[in-house]
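The chain contents come next:
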Amino acid sequence: MGQFKKPRSLLVFGALIIIDVLLLSLTNPLKLPLVGLVLPFVLIFLTLYSGWFYLLRLLIRRFSTQRVIGLALLLSTMPTLLAVFESVHQLSIKDVLLAMAIVVAMGFYLLRVDFL
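Residues numbered from 1 in each chain as written. Predicted model: local features only at pLDDT ≥ 70, side-chain atom pairs only at ≥ 80, totals over all residues. Heavy atoms only, no water.

**A closer look at the packing of aromatic side chains**
Applied cut-off: What counts as a ring pair is set by centres within 6.5 Å for rings of Phe, Tyr and Trp (its six-membered ring), and what kind of pair is set by the plane angle: stacked under 30 degrees, edge-to-face over 60, tilted for all other angles. Any Lys NZ or Arg CZ that is within 6 Å of a ring centre and within 35 degrees of that ring's normal is treated as a charge sitting over the ring.
Inspection of every chain in the model, using the stated rule, returns 1 aromatic pair. For arginine 67, the ring lying beneath its charged end belongs to phenylalanine 63, and the centroid distance is 5.7 Å.

Have a look at this one:
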């Protein structure tokens, strides 16, 4: 995959944060079509993924790029799913505990697997 580019990753992360803030502050969800309702969750996921990827690559050098990608995807999925559940008023403590259990189990698996 090549060498990790810190400034580029940091710029992408910063740009995604700015886009998130602008989209969430300048739009009214009551006037948006369906695509406009899904877009903030996609952007939040991409922002979280970008941030986790940058942070993991910066702090944990011994992991392969594939392992960092897997961990970043896993760590980005949980908050995004919880935000989706909260937006439709379906979030309960059971959902949070289940999501945490899945993240811990998958994280353990990703750290222990030897083919990544």
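**Focus: a nonpolar patch on the surface**
Put simply, the test is: Only residues whose relative accessible area exceeds 30% and that form no salt bridge enter a patch; like-charged residues are grouped when within 9 Å of one another, and nonpolar side chains (Val, Leu, Ile, Met, Phe, Trp, Tyr) when within 5 Å. Here the accessible surface of atoms and residues is derived via Shrake-Rupley with a 1.4 Å probe, and residues count as covered only by protein chains that are part of the display. When a carboxyl oxygen of Asp or Glu lies within 4 Å of a side-chain nitrogen of Lys or Arg, that pair is called a salt bridge. For the purposes of this entry, the term helix denotes a DSSP run of H or I that reaches at least four residues, the term strand denotes a run of E that reaches at least two, and both are numbered from the N terminus.
Nonpolar side chains collect at one region of the surface, where Leu34, Leu37, Val38, Leu39, Val42 and Leu46 lie side by side and expose about 500 Å² of accessible area between them. Of note, leucine 46 is situated in helix α2 (residues 34-59).

**What to know about the nonpolar core**
The condition that has to hold: Nonpolar cores are built from buried Ala, Val, Leu, Ile, Met, Phe, Trp, Tyr and Cys residues. Side-chain atoms within 4.5 Å join them into one set. Burial classification: accessible surface area is computed with a 1.4 Å probe over protein chains only, and a residue below 20% of its type maximum counts as buried, one above 50% as exposed, and the rest as partly exposed. Contact definition: two residues touch when any of their heavy atoms are within 4.5 Å.
Of all hydrophobic cores here, the largest spans 12 residues; its members are Phe53, Leu56, Phe63, Val68, Leu71, Ala72, Leu74, Met78, Leu82, Ala99, Val103 and Leu110. Contributions of two or more residues to this core are made by α2, α3 (65-87) and α4 (93-112). Aside from chain neighbours lying at most four places away, what touches leucine 74 is Val103, Met106, Gly107 and Leu110.

**Notes on α4**
So the rule is basically this: Here the expected span of a helix is defined as 1.5 Å times the quantity of residues minus one. The arc in question is the one traced by the directions running from the helix axis out to the C-beta atoms.
With 20 residues, α4 ought to run about 28 Å at 1.5 Å a step, and its terminal C-alpha atoms sit 29 Å apart, in line with that. Every buried residue belonging to α4 is among Asp95, Ala99, Val103, Gly107 and Leu110, and all of these are buried. Taken around the axis of α4, the buried residues stretch over an arc of 95°, which confines them to a single face. Counted as exposed and oriented over 90 degrees from the buried face of α4: Ile93, Lys94, Leu97, Leu98, Val104, Phe108 and Arg112. Next to the buried residues of α4 lie α3.

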